[in-house]
Amino acid sequence: MFKNYLLLSLKVLKRKPLYTFISLFGISFTLMILMLLTSLFDATLGANKPLTHRDRMVMVPMAERIRMEPDTTRKIDSIVMDDEQMRYDTTLNIAEEQVSNSNGPMGYKFVNKYLLPLEGAQHVALFSKGNNVDGYLDGRKFSFNSYYVNDQYWDVFDFDFLHGGCLNVEDDKQANKVAVITDKSAMTYFGKVSKDVIGQEMLLGEETFRVRGIVSRPLSDSPFFSGDIYLPITTIDPRRLEDDAIGGGFGAVCLVSSPGKREALKNEINFLAENFDMSADDFNNKLKIFNASFVEGYAQGILQEEDPGKAMRMMFIPIIGLLLLFVALPLINLVNLNISRVYERKEEIGVRKAFGANAGDILTQFVFENMVLTLIGGLVGMLLAISLINYINANDLLGLTRLSYSVRVFLYFFLVIVVFGFLSGILPAYRMSRTKVADSLR
Amino acid sequence: MIELTNVSKAYRTATIETLALQNLTLTVPAGEFLSIMGPSGCGKSTLLNIMGLIDEPTEGTVSLAGKTITGHNGRQIAKFRNEQLGFIFQSFHLINDLTVVDNVELPLLYRKVGTRERRRLSLEALARVGLSNRAEHFPNQLSGGQKQRVAIARAIVGKPNIILADEPTGNLDSHMGDEIMGILTKLNEELGTTIVMVTHDERMAKKTHRLIRLSDGERVS
């Protein structure tokens, strides 16, 4: 039966080339944009390497030192005249108010002393980001973004190693001059990405580092792993390791054993902050340590909103709203086109029903036909999207972020096509399946 | 075989009620070839539609093959139509995007008959109406008479007990009309199929077993 439907739907498409073109253009264009968005979403927030453990991570990028002061307010509840005297009934509210704050990444000693031993964390990655370093080779100079990371950084972030291996605990202890570099850095500095690069020296600033491993560049630009070069944390300027202050240049990412344990760890971090002895700070008297899941942290970062829940709502509600609107417009258009297309075939529906088709058969046939149309449109949209993704990636049009078209993206996309095809076909098909045979054949 | 008891059909709009059939009682025994005549708008097609379960009476009961058709849902009626009834229309109502043989297969499609069997039965039905050589043609490539023969093949492919024909010769010249009438008569005689035919043509009506006449929704003879 479906073969019959398929043949018929292809014939119907061929019968009206202009209508087919308009429908396909709308579907392809919409689905192309949707695939690009899906791909961007997946590259930015998907569980791709090095974020495979994304759902087990708690990001602790910085701490905030706050000065709280008593703040007493008097509220007039009522005024009465008593013997030509005005009398007030008031409520006194004694509270604390934030008068100043200072936030930023944390000091090395602070993260080492308080975050590394967190009970709920399986691994704690420490890192210092955004350190620009110049590399030199044969009279040429290259600029790199270096990250100083501890050994557990590689347990938390599962980079895709193309050659060699990661830095280890001995490198931290001995402050070994070794480096893990991205494939792009290897290409820039050595002109190749191959096994030969492992063990070769790189002159970075005034020091020479030996390449330990080459990783493929992550798909997205994230403050947690957008380095060109990764060096042992102990090879950083020693003065930065000795600073006792809460603030410094280091962030942390904790890994818990299962996603369900993230909340417990977040509570542990909050407890630590609330009970932190701030007597060493002669101005601030309260501490807050930022902690959030990867997606929450992403939303907090781009929206500069402290409350993770609010940040998520602020990010996703407009995105979902816009996406719905973006899908709804072509969907309504397609529904409209489909209504006229199905209506034209009123006679056929009447004949089919006269010879035994029930409403369900008619519904199935027209939804199926629409799915065929949407699948063709989806295929064209997918080819367009892949071409565009290749173009965007080849020219780094989105900065460090590169769009992907992984199996997961295809699956998401296929789901979108099916939903789109179903939604745009079901209403017209439903309407026509209810038509009375006698009316259809009149 | 077909039993209509006190059947009335009214078409209602907000302001007007039109009575298409009034209190009509009719019995068509199995194997009969009955023709219905009457002026345009007298309710002939409405009567045929009610017999074919593609329209519902406002009042009265319809019994087909011993079953009173009341309180059945759409799915059951569709199944009943598929198994018991075959339709032939004045304007053929073939699906132009399907080949002749695909058109003929239509009733079997909803009977979940396998592809090969469907094809075999359809070719057999086309052979019966003398159109084996046109199986892979499209309806637009056929003459009016040939189209009606395809429609007959479609009506008989599922071997229904009843065929309802609404002016099957109305769009054809007299020669083609005779040909179609010949096929219907043969079907009735050889297979014992009950046929109810609406016609305007007295000559065709005379070739059937019995003729009834309608006027203003009422049976007048």
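Each remark here, short or long, concerns the structure printed above.
No experiment lies behind these values; they were computed from the predicted model shown.

Parameters and conventions
Residues numbered from 1 in each chain as written. Chains lettered and ligands numbered in written order. Predicted model: local features only at pLDDT ≥ 70, side-chain atom pairs only at ≥ 80, totals over all residues. Heavy atoms only, no water. Helix = DSSP H or I, 4+ residues; strand = E, 2+ residues; numbered from the N terminus. Buried < 20%, exposed > 50% of the residue type's maximum accessible area, 1.4 Å probe, protein only. Contact = heavy atoms within 4.5 Å. Areas by Shrake-Rupley, 256 points an atom, 1.4 Å probe, with all protein chains shown as cover. Pairing = 2+ DSSP bridges. Axes fitted to C-alpha atoms, helices over the stretch in contact; angles between N-to-C directions. Left-handed = near helix turned anticlockwise from the far one by under 90°. Polar contact = N/O pair within 3.5 Å; in protein donor to acceptor, adjacent residues only side chain to side chain. Core = buried A, V, L, I, M, F, W, Y, C linked by side-chain atoms within 4.5 Å. Phe/Tyr/Trp six-rings, centres within 6.5 Å; stacked < 30°, edge-to-face > 60°. Lys NZ or Arg CZ within 6 Å of the ring centre and 35° of its normal. Buried area = accessible area lost by both parts, 1.4 Å probe. Salt bridge = Lys/Arg side-chain N within 4 Å of Asp/Glu carboxyl O. Nonpolar A, V, L, I, M, F, W, Y, C, P; charged D, E, K, R; others polar.

Caption draft 1: Structural detail: the overall build of chain B. A count of helices and strands for chain B gives seven helices and 10 strands. A total of 221 residues make up chain B; the buried ones form 54% of that total. Within chain B, residue pairs in contact and separated by at least 24 positions form 72% of the contacts whose partners lie at least 6 positions apart. For chain B, the exposed surface amounts to about 9,600 Å²; the carbon and sulfur share of it is 47%.

Caption draft 2: Molecular detail of the overall build of chain A. Within chain A, the secondary structure is distributed over 14 helices and 12 strands. Residue burial in chain A is summarised as follows: out of 442 residues, 46% are buried. When the accessible area of chain A is evaluated, it comes to approximately 22,000 Å², of which 58% is carbon and sulfur surface.

Caption draft 3: Spotlight on the sheet that holds strand β2 (residues 63–82) of chain A. All names here are of chain A. Taken together, the three strands give an open sheet; going across it, the order is β3-β2-β12, and neighbouring strands pair in antiparallel fashion. The open sheet has two edge strands, β3 (85–104) and β12 (286–289), and neither has a second partner. Averaged over all neighbouring strand pairs, the angle between strand axes comes to 35°, with direction disregarded. With four bridges joining them, β2 and β12 adopt antiparallel strand pairing. Its bridge partner lying in β12, Ala63 is registered against Ile289.

Caption draft 4: Structural detail: the packing of helix α3 (residues 100–109) of chain B against helix α5 (residues 144–156) of chain B. Residue and element names in this part refer to chain B. Two elements in contact, α3 and α5, have axes separated by 7 Å at closest approach and are oriented at 30°. Every pair of crossing elements has a handedness; the one defined by α3 and α5 is right-handed. Within the contact between the two elements, α3 uses Val100, Asn103, Val104 and Pro107 and α5 uses Val150, Ala153 and Arg154.

Caption draft 5: Region of interest: the environment of Gly130 of chain A. Residue and element names in this part refer to chain A. Here Gly130 shows up in strand β4 (residues 123–137). As for Gly130 and Tyr148, which are separated by 18 residues in sequence, their C-alpha atoms are 9.2 Å apart. Not counting residues up to four positions away in its chain, the partners in contact with Gly130 are Asn145, Ser146 and Tyr147.

Caption draft 6: Just the side chain of Ser146 of chain A, in detail. Residue and element names in this part refer to chain A. Turning to its location among the elements, Ser146 is positioned in strand β5 (residues 140–149). Residue classification places Ser146 among the buried residues on the basis of a relative accessible area of 1%. A distance of 2.8 Å separates a polar side-chain atom of Ser146 from the backbone oxygen of Asn131. When residues no more than four places from it in sequence are discounted, the contact partners of Ser146 are Ser128, Lys129, Gly130, Asn131, Val133, Ile229 and Leu231.

Caption draft 7: Seen up close, the nonpolar core. Ranked by size, the top nonpolar core spans 52 residues in total, and within it Leu4, Leu26, Ile36, Leu47, Met51 and Val196 of chain B carry the most contacts. Discounting residues that sit within four places of it in the chain, Leu47 of chain B has contacts with Leu4, Leu21, Leu24, Leu26, Ile36, Ile212 and Leu214 of chain B. Formed by 45 residues, the second largest nonpolar core is a distinct cluster that contains Val58, Val60, Tyr189 and Leu241 of chain A.

Caption draft 8: View of the packing of aromatic side chains. Residue and element names in this part refer to chain A. Under the definition given, this model contains 27 aromatic pairs over all chains. Centroid distance Trp154 to Phe159: 5.4 Å. Interplanar angle 55°. Geometry classified as tilted. Side by side, Trp154 and Phe159 carry an identical accessibility label, which is buried. Cation over ring: Lys288 sits above Phe290, and NZ or CZ is 5.7 Å from the ring centre.

Caption draft 9: Examining the interface of chain A and chain B more closely. Between chain A and chain B, the residue contacts involve 23 residues of the former and 24 residues of the latter. Buried surface at the junction of chain A and chain B, summed over both partners, amounts to about 2,300 Å²; 59% is from carbon and sulfur atoms. Broken down residue by residue, the surface that chain A buries against chain B is led by Met1, Lys11 and Phe355 of chain A, which jointly contribute 28%. Scanning the region where chain A abuts chain B turns up zero salt bridges. When contributions to the side of chain A that touches chain B are tallied by element, the ones reaching two or more residues are α1 (2–15), α11 (346–354), α12 (359–394) and α14 (437–440) of chain A. The class makeup of the residues in the side of chain A that touches chain B is 11 nonpolar, four polar and eight charged.

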